[in-house]
Amino acid sequence: MSSSPKHPALRITNEEDVLAQLRGTQDRIADAITAWAGTMGFVYLHALWFAVWIVCNEGVFGKGAIWDPFPFGLLTMIVSLEAIFLSTFVMVSQNRQAARENVRADLDFETNVRSEVWSIHMGRALGIDPVEVERRVQELLAENRARMNGTAQPPKGT
């Protein structure tokens, strides 16, 4: 069988297709804001904005240029509101990242199940004993876990 329009079930779901269906306008906006807030340009712009705000409100350009005298209550409120909104956008983006990871995990699981089923069928067709293969897989997994835990025994004969 080939992957053709007659057999759409043989096509593995594309991660990007699934994610595109989950992504709305609000998600795009949140991602764009989060992406911009995570740049050095954002930092430089804010440093410049704070510097201009403070210089103007310290009276460097005269009393007429002061709109938020020390201790800069308006600036504090604006920065606090910005922090609230930015943290919300970051959380929205993190939630979307978690959803992406869930989609990837589901698709990986589906792919693994497909691979296992195909491998078993091909193995049977070739006369390979699946019980013996599974025993060897378990041995290799145990050896790998032991190496990762630092409890592996050196190979015999060394």
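It should be emphasised that the depicted structure is a prediction, and the values quoted were computed from it without experimental measurement.

Participant: Which residues make up the packing of aromatic side chains, and what values do they have?
Facilitator: All chains considered together, the criterion is met by five aromatic pairs. Between W36 and F42, the ring centres sit 6.0 Å apart and the planes meet at 85°, which makes this aromatic pair edge-to-face. Under the relative-accessibility criterion, F42 is labelled buried at 13%. Their ring planes at 90° and their centres at 5.5 Å tell us that F70 and F72 sit as a pair that is edge-to-face. A residue is classified by how much of its surface remains accessible, and F70, at 63% relative accessible area, is exposed. Each residue in the set W49, F50, W53 and W67 is aromatic and connected to the rest through ring pairs, giving one cluster.

Participant: With reference to specific residues and values, describe helix α4 (residues 73-125).
Facilitator: Taking 1.5 Å of rise per residue, the 53 residues of α4 would be expected to cover 78 Å, and the 77 Å separating its terminal C-alpha atoms lies within 8% of that figure. In the core, the buried residues of α4 are packed alongside α1 (15-22), α2 (25-37) and α3 (40-57). G127, located one to two residues past α4, shows a positive phi value of around 80°.

Participant: Would you mind going over the packing of α2 against α4 in detail, with residue names and values included?
Facilitator: Describing two packed helices takes the angle between their axes plus the distance from one axis to the other. Relative to each other, α2 and α4 sit at 115°, their axes nearing to 9 Å. Classed by the angle they form, the pair α2 and α4 counts as roughly perpendicular. In the crossing of α2 with α4, the sense of the turn from one axis to the other is left-handed. Between α2, through D27, A30, D31, I33, T34 and A37, and α4, the contact on the second element is made entirely by L86, F89, V90, V92, S93, R96 and R100. When grouped by side-chain class, the residues that make up the contact of α2 with α4 number seven nonpolar, two polar and four charged.

Participant: Report on the side chain of D31, specifying residues and quantitative values.
Facilitator: With respect to the element layout, D31 can be found in helix α2. Here the side chain of D31 touches S93 through a polar contact of 3.1 Å, side chain to side chain. For D31, the contacting residues outside a window of four places in its chain are R23, S93, R96 and R100.

Participant: An account of the pattern of salt bridges is requested, with residue identities and associated values reported.
Facilitator: Opposite charge on two side chains lets them pair, provided their charged atoms get close. Within this structure, the stated rule accounts for five salt bridges. Linking R96 and D31 is a salt bridge whose minimum nitrogen-to-oxygen distance equals 2.9 Å. Of the two residues, R96 sits in helix α4 while D31 sits in helix α2, which places them 65 residues apart along the sequence. This pair shows no difference in class: R96 is buried, exactly as D31 is. Residue E139 pairs with R136 through a salt bridge whose shortest N-O separation is 2.9 Å. Taken together, the residues span about one helical turn, with E139 and R136 both in helix α5 (residues 130-149) at a distance of three residues. A residue is classified by how much of its surface remains accessible, and E139, at 31% relative accessible area, is partly exposed. Look at R136 and you get partly exposed, because its relative accessible area is 37%. Among the charged side chains, a network of salt bridges with common partners joins E132, R135, R136 and E139.

Cut-offs applied
Residues numbered from 1 in each chain as written. Predicted model: local features only at pLDDT ≥ 70, side-chain atom pairs only at ≥ 80, totals over all residues. Heavy atoms only, no water. Phe/Tyr/Trp six-rings, centres within 6.5 Å; stacked < 30°, edge-to-face > 60°. Buried < 20%, exposed > 50% of the residue type's maximum accessible area, 1.4 Å probe, protein only. Helix = DSSP H or I, 4+ residues; strand = E, 2+ residues; numbered from the N terminus. Expected span 1.5 Å × (residues − 1). Contact = heavy atoms within 4.5 Å. Axes fitted to C-alpha atoms, helices over the stretch in contact; angles between N-to-C directions. Parallel < 35°, antiparallel > 145°, perpendicular 65-115°, else oblique. Left-handed = near helix turned anticlockwise from the far one by under 90°. Nonpolar A, V, L, I, M, F, W, Y, C, P; charged D, E, K, R; others polar. Polar contact = N/O pair within 3.5 Å; in protein donor to acceptor, adjacent residues only side chain to side chain. Salt bridge = Lys/Arg side-chain N within 4 Å of Asp/Glu carboxyl O.

All we've got here are geometric facts, nothing functional implied.
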